[in-house]
Amino acid sequence: MKIIRKIILTICLFAATLLLLDKLYTILIRRNCNDMIANMPEMKKQFSVIYMGACQVQQGINPAIIDSINGFSSYVLSENHSNYADIFLRLYLYLKYNPPPKLLLLDLMPETLDAFDNKFCTYRFAIEIGDSVVNKTVRENDAPYLNYSKIPFMRYAYYSEYSTYSAVKGLQYIATNKKTPTRKDGYVPAPLWRGQLLADSFINENYKTSITFKIDKKQLHYLEEIVNLCKQRNIKPILIHTPIYNGSQIFRKNKDVIIQFISSYAASHDIPFWNFETIPLSEHARYFNAPVSLNAEGADMFSYYLGRYLFQNIKL
Amino acid sequence: MNFNSASYLLFLFTAAVLNRLLPKYNKIFILLCSLFFLGLLSWHVIAVALFLTWLNFLFCSRLLLSSSRHSIEYPLFITFNVLVLLFSNYIIDVQWLNLHTSIRWMTIGTSKWVGIFGISYYQLQNIANLIDARKKILQKPAAIDFFLHNLFFARFVVGPITPFRLWGKNFISVSKPINQIDIAIGTQRIMIGFLKKVVLADRIGLSTNIIFNDLYSYSGIEYLAGGLLFTLQLYFDFSGLCDIAVGSARLFGIELKENFNLPLRADSIAEFWRRWHITLMNFLNQYVFTPLAYRFRRMRKQGIVIAIWIVFAISAVWHGISYTFFIWAFLHAFYLTVETFSKQQRMNWKKKIRYKKVYHILCVAVTLCAVCFSNIFFAIPTDKVFHYILKSFSSITQFTPGSFRLFLGGVARNADDHGIFTFIITIILTLVFILVEKKIYIFINLGKFSVVLMFLILLLIFTFGIIGDSGSFLYTRF
């Protein structure tokens with residue numbers, strides 16, 4: 001039948017196209033120097049300190065300020081909405097392609113131990129699918145994706161909203177011959193929130209009732225994996241609690257219990273836990289974008305505070 | 001099993017191939033496939049669907065045999081079906097009322113599958129069959145035909161609503177070997193449906209979800225833009241779903257009625273309703289509006305207007321338990337009332353006006369704006385509706401040309417490059433599709449198959465489709 005032949009022809013043609021597209025996207029995404037994961041083999045730089053966490057770290061720690069105080073060479077290896085599985089895999093891939101840092105500062109707070117706020121962003125690791133550790137972690141966190149990724153190009157098509165953008169950016173960078181990332185130290189200042197919304201109005205709209213945090217077992221498992229990875233590679237881990245806007249504290253119902261848990265966890269693993277939750281800047285809404293994330297001005301102030309703290313307590 | 005899933009495609013094409021290999025037992029095979037499909041939703045669905053179908057088969061047979069027009073059976077049968085419809089349509093929403101624990105326990109346990117009968121258009125069809133049986137315009141159905149019509153998987157959840165009497169041709173064609181035209185139309189309609197859902201509706205949904213779930217962050221103009229985007233999303237989502245249903249049926253030699261006919265090009269609200277959700281409007285028109293308009297005929301235009309308001313009140317009740325649906329229905333009834341009373345005036349204008357195309361474009365734009373405004377009430381959460389109204393009108397003047405990037409960023413989720421890239425690509429794809437949509441449908445419905453067209457659609461689905469995060473279809477909410 002003529003139509004069936006045409007349908008088969010379309011399927012065959014498209015299957016061949018998928019194979020080509022997979023190769024093309026891999027090349028383009030690798031050339032997107034602002035894609036943190038894709039850019040890891042190209043970093044080739046020895047950082048002495050690495051900061052990891054979700055948006056609280058990505059937007060809240062400015063390495064330039066800390067480095068100016070301590071003479072470190074530090075890097076924010078964080079992206080927003082990352083849970084500990086995401087952080088673990090990013091650290092693993094970083095260490096796969098780069099020499100280990102001496103120090104790792106990891107953000108740990110009631111919000112990040114709860115499964116509610118952050119998630120595993122599978123699309124970030126599409127380019128590394130095939131690596132056994134990446135596959136294992138993806139299977140544990142997004143099994144349907146891994147099943148589909150066996151089909152050519154599906155590793156990119158499944159979350160095409162992100163991968164197509166990354167590939168287009170790669171194409172742009174090839175055209176302009178851009179080879180260095182916009183943010184060399186990984187720090188991304190918080191975007192100007194719409195209408196410069198401050199933490200107070202955020203709280204009014206979102207914190208209708210108190211929040212009871214739950215410790216997610218999966219988060220704890222990957223936290224353990226991160227600590228183990230640090231031990232294997234002789235990296236000194238330090239757990240930190242980034243600042244929280246004081247106005248939101250009354251809504252964090254059981255935060256003391258969770259912080260107590262974090263303290264005992266840190267003590268049992270012989271890891272320092274630095275709690276910056278209530279440092280002086282946390283009293284002012286104007287330094288915050290949202291109750292748990294600093295704006296650019298707040299990030300500079302906190303980075304200075306953290307830099308001084310590191311100076312007093314750590315000698316690399 | 002969602003229509004937009006790979007497992008559905010696998011099920012569909014396996015069933016279509018097997019159906020072709022079993023030419024003598026097509027009806028039974030398709031019925032078994034339908035029961036299998038319903039079973040994947042829940043085994044309760046099979047049991048209830050078979051029971052209700054059997055009951056309605058008996059009701060129809062009884063009404064066809066009955067010679068009395070004033071028998072008590074007819075109102076009883078209708079009432080039974082209406083009660084099933086209301087019960088199944090509202091049971092999900094009962095949880096929202098925070099009723100007594102025992103009732104909530106029941107709804108949590110049953111809402112997953114009972115709701116299907118409320119959204120499936122299934123009961124509307126049964127009601128139509130009973131009315132037809134009473135009017136004796138329905139021929140006595142064979143049991144297998146009645147069951148096949150009622151339970152056919154491709155239309156069970158989404159329609160289109162087609163009374164039994166309009167399905168006659170399908171019972172013959174389903175037994176014939178499937179031809180090339182059916183295969184060409186079927187596969188291409190399914191692909192177009194996927195394109196509309198995962199490339200257009202779901203991409204637009206990224207913006208609308210953010211705007212309507214985050215009301216405090218946005219200004220009035222963004223809400224209005226959100227209304228337009230939601231209308232597009234609703235159209236692509238629902239018509240994509242119908243395309244998949246029509247295409248799936250065609251692979252079994254069954255021709256389903258069309259539910260959409262380029263509604264975004266309507267130049268009046270009345271015309272819009274002749275093009276949007278056609279089978280529901282046909283049902284309401286035939287079984288509610290026409291009898292009412294006839295009853296109120298002495299009141300002339302006022303009678304028609306009363307019938308319109310009743311039809312839209314029923315439509316609101318059918319959509320769900322929220323008062324936002326009544327606001328939506330009120331707006332449409334109001335629009336149609338204005339159109340009814342201004343019909344002569346508008347015709348006079350049309351005759352006088354020199355640039356007829358410009359007039360037509362203006363009418364299309366005004367109609368689209370009116371529809372978009374009403375659809376906002378479909379989109380926003382019930383408890384925030386008045387917040388929305390107050391804020392949208394108080395802040396509409398705050399928009400300045402200088403804030404364009406922020407505005408774009410708002411609609412595009414984030415003012416960053418990724419958000420804007422995503423939004424611009426979505427808008428380009430949407431506009432291009434709207435421009436070529438008519439030609440594509442004409443081409444496909446002629447039974448032609450284009451390798452280039454299919455290749456392009458597949459390429460768009462794989463490079464721009466929201467495959468991993470694709471949600472369920474919007475209309476299954478109502």
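Up top is the structure these notes are about.
Residues numbered from 1 in each chain as written. Chains lettered and ligands numbered in written order. Predicted model: local features only at pLDDT ≥ 70, side-chain atom pairs only at ≥ 80, totals over all residues. Heavy atoms only, no water.

With respect to the interface of chain A and chain B
As a reminder of what qualifies: Contacts are assigned to residue pairs that have any heavy atoms within 4.5 Å of one another. Buried area adds together the accessible area that both of two parts lose upon being put together, with accessible area traced by a 1.4 Å probe. For this analysis, a salt bridge means a side-chain nitrogen from Lys or Arg found within 4 Å of a carboxyl oxygen belonging to Asp or Glu. We call two N or O atoms a polar contact when they sit within 3.5 Å, provided that within protein one can donate a hydrogen and the other can accept it, with sequence-adjacent residues counted only if both atoms are side-chain atoms. The helix and strand labels rest on DSSP assignments: H or I over at least four residues marks a helix, E over at least two residues marks a strand, and numbering proceeds from the N terminus. All residues other than Ala, Val, Leu, Ile, Met, Phe, Trp, Tyr, Cys, Pro, Asp, Glu, Lys and Arg, Gly among them, are scored as polar; the first ten of these are nonpolar and the last four charged.
Each partner contributes to the interface: chain A provides 32 residues, whereas chain B provides 34 residues. With both sides pooled, the region where chain A packs onto chain B buries about 3000 Å², and carbon together with sulfur makes up 69% of that total. Our count for the chain A to chain B interface comes out at 0 salt bridges. The tally of links from chain A across to chain B stands at 7 residue pairs in polar contact (both at pLDDT 80 or more). Counting residues per element, the ones that place at least two in the side of chain A that touches chain B are helix H1 (2–30), helix H9 (154–157), helix H10 (160–176) and helix H11 (199–206) of chain A. Considering only residue class, the side of chain A that touches chain B consists of 21 nonpolar, 5 polar and 6 charged.

A word on unusual backbone geometry
All names here are of chain B. Of note in the backbone geometry, Lys136 takes a positive phi value of approximately 65° without being a glycine. Looking at the secondary structure, you find Lys136 in the loop between helix H6 (122–135) and helix H7 (143–151). Backbone geometry at Arg300 places phi at a positive 55°, although glycine is not the residue there. Assignment of secondary structure puts Arg300 in the loop between helix H13 (278–295) and helix H14 (301–319).

Structural notes on the state of the cysteines
Residues and elements named next belong to chain B. Cut-off, in case you're wondering: Any cysteine sulfur atom paired with another within 2.5 Å is treated as part of a disulfide.
A complete count under the given rule lists 0 disulfides over all chains for this structure. Cys242 takes part in no disulfide bond, and the closest cysteine sulfur to it belongs to Cys372, at a distance of 19 Å. With no disulfide of its own, Cys369 has Cys372 as its nearest cysteine by sulfur position, at a separation of 6.3 Å.

Structural notes on the environment of Phe464 of chain B
Here Phe464 of chain B is to be found in helix H21 (residues 451–464). On a C-alpha basis, the gap between Phe464 of chain B and Leu124 of chain B in space is 37 Å, while along the polypeptide they are 340 residues apart.

Here's the deal with the pairing of strand E4 (residues 236–241) of chain A
Residues and elements named next belong to chain A. Selection rule: Categorising residues by exposure relies on relative accessible area from a 1.4 Å probe, with only protein chains included: less than 20% of the type maximum marks a residue as buried, more than 50% marks it as exposed, and the intermediate range marks it as partly exposed. Strand pairing is assigned whenever DSSP detects at least two bridges linking the two strands. With strands facing away from the observer, any crossover in which the path from the first strand over the helix to the second runs clockwise is taken as right-handed.
Of all 6 residues in E4, 5 are buried; the element is thus mostly enclosed. The pairing of strand E3 (residues 103–107) with E4 spans 5 bridges and is parallel. Paired with Leu103 across the two strands is Lys236, which belongs to E4. Of the strand pairs in this sheet, E4 and strand E5 (residues 273–275) are connected by 3 bridges, and their pairing is parallel. By the bridge assignment for E5, His241 is matched with Asn275. Since E4 and E5 lie parallel, the crossover through helix H13 (residues 255–268) that links them has a hand, and here it is right-handed.

Here we look at the packing of aromatic side chains
Residue and element names in this part refer to chain A. Applied cut-off: Each Phe, Tyr or Trp ring, with Trp reduced to its six-membered ring, pairs with another whose centre is within 6.5 Å; inter-plane angles below 30 degrees give stacked pairs, above 60 give edge-to-face pairs, and intermediate values give tilted ones.
Across all of its chains, the model carries 52 aromatic pairs over all chains by this definition. With a centroid separation of 5.7 Å and an interplanar angle of 45°, the aromatic rings of Tyr245 and Phe288 are classed as tilted. Of this pair, Tyr245 sits in the loop between E4 and H13 while Phe288 sits in strand E6 (residues 288–290); the two residues are 43 residues apart in sequence, bridging distant segments of the chain. Accessibility assignment for this pair places Tyr245 and Phe288 in one class, buried.

A short note on the side chain of Ser34 of chain B
All names here are of chain B. By secondary structure assignment, the location of Ser34 is in helix H2 (residues 26–41). Its relative accessible area of 0% is what places Ser34 among the buried residues. What Ser34 contacts, discounting residues up to four positions off in sequence, is Leu151, Phe152 and Phe153.

Things to note about the packing of H2 of chain B against helix H3 (residues 43–65) of chain B
Residue and element names in this part refer to chain B. Threshold: Helix axes use the C-alpha atoms of the stretch in contact, all axes being lines fitted to C-alpha atoms, and the angles between their N-to-C directions lie in the range 0 to 180 degrees. Any angle between 65 and 115 degrees counts as roughly perpendicular, while under 35 counts as roughly parallel, over 145 as roughly antiparallel, and the rest as oblique.
Viewed as axis vectors pointing N to C, H2 and H3 meet at an angle of 130°, and their least axial separation amounts to 5 Å. Judged on the interaxial angle alone, H3 and H2 are oblique. Counted together, Leu35, Leu38, Gly39 and Leu41 of H2 and Trp43, Val45, Ile46, Ala49 and Leu50 of H3 form the full contact between these two elements. Residues that form the contact of H2 with H3 fall into these classes: 8 nonpolar, 1 polar and no charged.

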